[in-house]
Structure formats: C-alpha cells, structure tokens
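Structure at a glance
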Amino acid sequence: MTTRDERVKAAEVAGYNTFLLKSEDVYIDLLTDSGTSAMSDRQWSGLMLGDEAYAGSRNFYNLEKAMQDIYGYKHLIPTHQGRAAEHMISQILINEGDFIPGNMYFTTTRLHQEIAGGTFVDVIISEAHDPTSLHPFKGDVDLDKFQKLIDEKGADKIPYICIATAVNMCGGQPISLANMRLVSEMAHSNGILVVHDMTRCIENAYMIKDHEEGYADKSITEITREICDLTDAATMSSKKDHLVNIGGFLAVNDPELADKARNMVVVYEGLHTYGGMAGRDMEALAIGIRECAEYEHIRARVEQVRYLGAKLDGEGIPIVKPVGTHGVFLDARKFLDHLDQDQFPAQALAAEIYIDSGVRAMERGNVSAGRGPDGENRKPPLELVRLTIPRRVYTQAHMDVVAESIMEVYDHRGKVKGLEFTYEPEYLRFFQAKFKPTA
Ligand code: P61
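For the structure given in this document, a descriptive report is provided here.

**Overview of the overall build of the chain**
Within the chain, the secondary structure is distributed over 16 helices and 14 strands. Its C-alpha radius of gyration of 21 Å places the chain within 12% of the 22 Å reference for a compact globule of 439 residues. Expressed as lengths along the three principal axes of its C-alpha atoms, the size of the chain is roughly 60 × 55 × 45 Å. For the chain, the residues scored as buried account for 61% of the 439 residues in total.

Structure follows, in structure tokens:
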C-alpha cells in the first residue's frame, strides 16, 4: 500500500502515464492481462523439464503438438512474443501500396503493416465503435465495407484480411462463427488470405458457446477448431490466453509460407525450433495451451470480468457494453465529459484512478491511436480506459476494491484535469509518452 501523497508524486514522475509507473508503487495491477497471469503447478513443473539444446529441443515438439492438437494449423514458427509474428507475416505478405482490412486496428499489428508498406482499413461493424450498442458480436466484420474495399482497390492489392478474435481495442468483443464463415468465403473467393490474430481465441470461443445459436453443446476445443479452420495463418501472443509470462508464434498452413517464415525467424528471433524462447518456456507454453481450453478455467476467467462489469454498470458508471472477455472498459468520453478529446480524457482518467487507489489501468483512446499520415491525432470514436484482468491472479474481493475506487473517482470527476504532451515518441507513443496537466 502507498499513501495518496506518494501516488500523487509517483504519477507526476511517470508523466501521468501508467506504463511508466514502478510496479512496486501499484496496489492492484490491471494494466494488462499480457504475461501477468499465474502459471499453474503443472506449468511450473514444465519449467524443470527444459531441454536447452540449441536445435531440436524436445520442448519445441511438445509445443508444436499442443498447437496442432488445439488449433489445427500445420506449421509452427515460435517467436518471443506476438509482435514478432506480426512483423514476419507483414514483411512476407505485404507489398508497398497494399491495403489490409481488419476488424479494428491493434497498435502493434497496424504498425507492422505500415512499416511493410501497407495501409490498414477498418472493416468492423459500426456497432463496435459505439460503447452503448448491445450487439452480442461486436467483433463481426461488416461485409459491405469489406466488399467495397475489394471493389475500390482491387483484390490484388489486398494480400490478406486480418481477423482478430475477442477484439482488444473495442473491449474484448467476440466475432461470431456465422460472420467468420462469410468473411472467409468472401476473402477466399477473391484470392485473399485470412490471417487470424488469435491472441484471445479461446476467450472468443467461450463467448460463442455462451451465446451464439447452435454452439451451447459444443466444446471449447471444437469451437476453436472451427474458427481456425476458416483461416490460413495466425499470429499469437501467448502471453494472454496461454497463461505464460513470455512467448508467441506464427502458425501457417501453406508449406511455402512456412519456409519463408522459418527463413526469416533465424534473422530476427533465433533458430526455428526456439524462436527467442528458452526450452523451459516452450514447455510451460505447451502445457498452457492445453489448460486454457478447459471449460472450467475459461468460464471462471470470463465470468470474473463480467462480475466487475456488472458491479460498475449497476452503479451507473459508463462502461463498454456488453462486457467483453479480458477486461472492463470505461467510457472516458462520457466519464469526463467536460474534457475535449485532445486533452486525452482516458489518459487523465487512468492517472486519476491510480492516484485514488493505486489501481493501475491503461489508456485506450486518442493517445493509443497515435497520429495519422497528416500528422494529426487520429481521435478514434472510442476513448476508453481498460481495467484488464490477469488470469488466475485476483479474487472477487479485489474486484470489489477496484469498483469502489472507480465509484469514488466518478463522484469527483468534474475536478479531473486534461493532459498535454511533454514528450511524444515516434512509434507506439502510448508506451513511453509523458504528460502534464493542462492549465
Ligand atoms: C495488451 F498497450 N497485447 O493487450 P505482444 N495482438 C493483440 C494483442 O492484444 C497484443 C498483440 C497482438 C497487449 C500488450 C500490449 O498497445 C499495446 O506479445 C490482440 O505484446 O507482442 C498484445 O502481442 C501483441 C499492450 C501491446 C499495449 C500493445 O496488453
């Protein structure tokens, strides 16, 4: 525990950026669910079975088998985390001047597409940009938007469509299998590949089981396979669903694409049988892949997120609804409706919550979206603060403490000041930017 005075000081030193706080100054850490989940006894035991041979470690083959059993992709190229897989697939498939449609942007994904010479195009349904829309599958693709892009730019300028499961930036919102099937058909009939950002695929599968018609009696693994079978390749940040602190991979079906990726991984990550991970980490990951698909686990995980969401919603706090899979997202635009979007309300709100209680959250709005090619802030429709729940770490009592703090901040919301940059990095500015309160 820290005192309020200590937190006021810590927030100032961190430039009002929760990424720049020291974790020892944080009481309940809801910055991210990335690499922050608790490994099980079985995963910890796996660490002791590390085969640290440079080449052909037995842990690699266990990992490859676990990935193939649960997701069904043919080839596995391990990486140290998700963005390394995004880098490789972008460099291999995108040519200068290409367009890459996706169901909402993700920060690292879009950046790698841009670095490779591509332009990201948002084709998610409009409901995804509206925190109050109760659409049950806000991760769905708007097929008219996708078709329009094909008509306007030509299918030969679209190497692939990137489909995320449990779409992060709009609140961990699922895509339905019915929609995915149509997207896959439309893409493939135009010679466009489907690349799956499967970082939270198991969480999406739970949502499908929970409320897509016809799936209540299917298992999480059956649903997961059905999702993956509609796609050609996948990027994975194993730091989320897979319950490990580090790791990721690229998975592909086409052997030629696999060869290109294997050739590239040795340049940037390490040999193709470890890709930047230690043998022991691959073993813990192989075990995590199987554990995360267990119904009891995924149900407890998503329902804990829903518990916090229901609590805040019940108190009239503006949140993104329906509550998604990995966190509760506060609608900062509504919460701090006295601030202009260029005063970074979500950044200011995340800092204020930290000062109130030591709870650390993350900005997901104007700062995260960065600047467009014209140099202006992108000003995304969603201006959110993400209260992200790590897996198997916190209890419902922790959720109660978080809810109390949010309610307290809500009571004095009119006093919260906006922010302006004092330092703005070129890439992924939200990670390292610094701010000061506006006068
Ligand atoms: C997160 F503020 N997510 O949610 P890597 N795709 C998706 C992700 O959620 C994801 C990656 C790819 C993080 C960490 C993080 O703007 C940020 O293993 C859907 O982190 O490289 C990561 O996977 C990249 C936080 C990343 C951010 C980027 O907290």
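**Some points on the pattern of salt bridges**
Tallied over the full model, the rule gives 25 salt bridges. One salt bridge in this structure joins R360 and D29, with 2.8 Å as the shortest N-O distance. With R360 in strand β10 (residues 359–360) and D29 in strand β1 (residues 28–29), this residue pair connects regions lying 331 residues apart in the sequence. R360 sits in the buried class, given a relative accessible area of 6%. Assessed through its relative accessible area of 22%, D29 is described here as partly exposed. Linked through salt bridges whose partners overlap, the residues forming this network are D33, R200, E203, D241, R301 and R391.

**Brief notes about the packing of helix α12 (residues 295–314) against helix α16 (residues 396–411)**
At a minimum axis distance of 10 Å, the contact between α12 and α16 shows a crossing angle of 30 degrees. Overall, the two elements α12 and α16 adopt an arrangement that is roughly parallel. For the pair α12 and α16, the crossing hand works out as right-handed. On α16, the residues that touch Q304, Y307, L308, K311 and L312 of α12 are Q396, M399, D400, V402, A403 and I406.

**A closer look at the nonpolar core**
With 59 residues, the main nonpolar core has Y71 and F146 as its most contacted residues. Setting aside residues no more than four positions away along its own chain, Y71 makes contact with M198, C201, I202, T224, R225, C228, M236, H242, I289 and C292. Grouped together as the second largest cluster of nonpolar side chains are 51 residues, I319, L339, A346 and I389 included.

**Topic: a nonpolar patch on the surface**
A cluster of nonpolar side chains, namely M1, Y27 and V401, defines an oily patch on the protein surface of about 340 Å² accessible area. Within the secondary structure, M1 is located in the segment before α1 (4–13). The exposure class assigned to M1 is exposed, which follows from its relative accessible area of 76%.

**Some details on the site of the ligand**
The local shell around the ligand holds 22 residues, among which T32, R83, T107, S237 and K240 are the closest. Between R83 and the ligand, the recorded distance is 2.7 Å, taken from a side-chain N or O atom to an oxygen atom. A distance of 2.9 Å separates a nitrogen atom of the ligand from a polar atom in the side chain of K240. Compared with its free state, where it exposes 580 Å², the ligand has 96% of that area covered by protein. For the shell around the ligand, the secondary-structure elements that each account for two or more residues are α4 (82–93), α5 (107–115) and β11 (362–364). For the shell around the ligand, the element with the highest residue contribution is α4, accounting for three residues. Its residues assigned to classes, the shell around the ligand comprises five nonpolar, nine polar and eight charged.

**Considering the packing of helix α8 (residues 201–211) against helix α9 (residues 220–229)**
Contact geometry of α8 with α9 gives a least axis separation of 9 Å together with a crossing angle of 110 degrees. With respect to α9, the axis of α8 lies roughly perpendicular. For the pair α8 and α9, the sense of crossing is right-handed. For the pair α8 and α9, contact is made by C201, I202, N204, A205, Y206, I208 and K209 and by I220, I223, T224, I227 and C228, respectively. Along the lines of polarity and charge, the residues of the contact of α8 with α9 split into nine nonpolar, two polar and one charged.

**Some details on the packing of aromatic side chains**
In the structure shown here, the tally under the stated rule is 10 aromatic pairs. Each ring, one from Y206 and one from Y295, has its centre 6.1 Å from the other, and the planes form 35 degrees; the classification is tilted. Residue Y206 is located in helix α8, and its partner Y295 is located in helix α12; the two are separated by 89 residues in the primary sequence. Relative accessible area serves as the criterion here: at 34%, Y295 is assigned to the partly exposed category. Plain terms: the ring middles of F335 and Y410 are 4.9 Å apart, the flat faces sit at 75 degrees to each other, and that makes the pair edge-to-face.

**Focus on the pairing of strand β9 (residues 327–331)**
Buried residues dominate β9, accounting for five of its five residues. Neither face of β9 is exposed, since G327, F329 and D331 on one face and V328 and L330 on the opposite face are all buried. Where β9 lies against strand β12 (residues 384–388), five bridges are found, and the strand directions are antiparallel. Directly across from L330, in β12, lies its bridge partner V385.

**Structural notes on the state of the cysteines**
For the coordinates displayed, the defined rule picks out zero disulfides. Free cysteine: C201, not disulfide-bonded; nearest cysteine sulfur from C228 at 4.5 Å.

**A short note on unusual backbone geometry**
Negative phi characterises most residues that are not glycine, and trans characterises most peptide bonds. Put simply, K321 and P322 share a cis peptide bond, and its omega is -10 degrees. The phi angle at M104 is positive, at roughly 80 degrees, despite the residue not being glycine. Phi at F344 is positive, roughly 55 degrees, even though this residue is not glycine. Among the structural elements, F344 can be located in the loop between α13 (332–335) and α14 (345–357).

Rules of the game
Residues numbered from 1 in each chain as written. Predicted model: local features only at pLDDT ≥ 70, side-chain atom pairs only at ≥ 80, totals over all residues. Heavy atoms only, no water. Helix = DSSP H or I, 4+ residues; strand = E, 2+ residues; numbered from the N terminus. Rg over C-alpha atoms; globule rule 2.2 N^0.38 Å. Buried < 20%, exposed > 50% of the residue type's maximum accessible area, 1.4 Å probe, protein only. Salt bridge = Lys/Arg side-chain N within 4 Å of Asp/Glu carboxyl O. Axes fitted to C-alpha atoms, helices over the stretch in contact; angles between N-to-C directions. Parallel < 35°, antiparallel > 145°, perpendicular 65-115°, else oblique. Left-handed = near helix turned anticlockwise from the far one by under 90°. Contact = heavy atoms within 4.5 Å. Core = buried A, V, L, I, M, F, W, Y, C linked by side-chain atoms within 4.5 Å. Patch = residues over 30% accessible without salt bridge, like charges linked within 9 Å, V, L, I, M, F, W, Y side chains within 5 Å. Areas by Shrake-Rupley, 256 points an atom, 1.4 Å probe, with all protein chains shown as cover. Near = heavy atom within 4 Å. Polar contact = N/O pair within 3.5 Å; in protein donor to acceptor, adjacent residues only side chain to side chain. Nonpolar A, V, L, I, M, F, W, Y, C, P; charged D, E, K, R; others polar. Phe/Tyr/Trp six-rings, centres within 6.5 Å; stacked < 30°, edge-to-face > 60°. Pairing = 2+ DSSP bridges. Disulfide = S-S within 2.5 Å.

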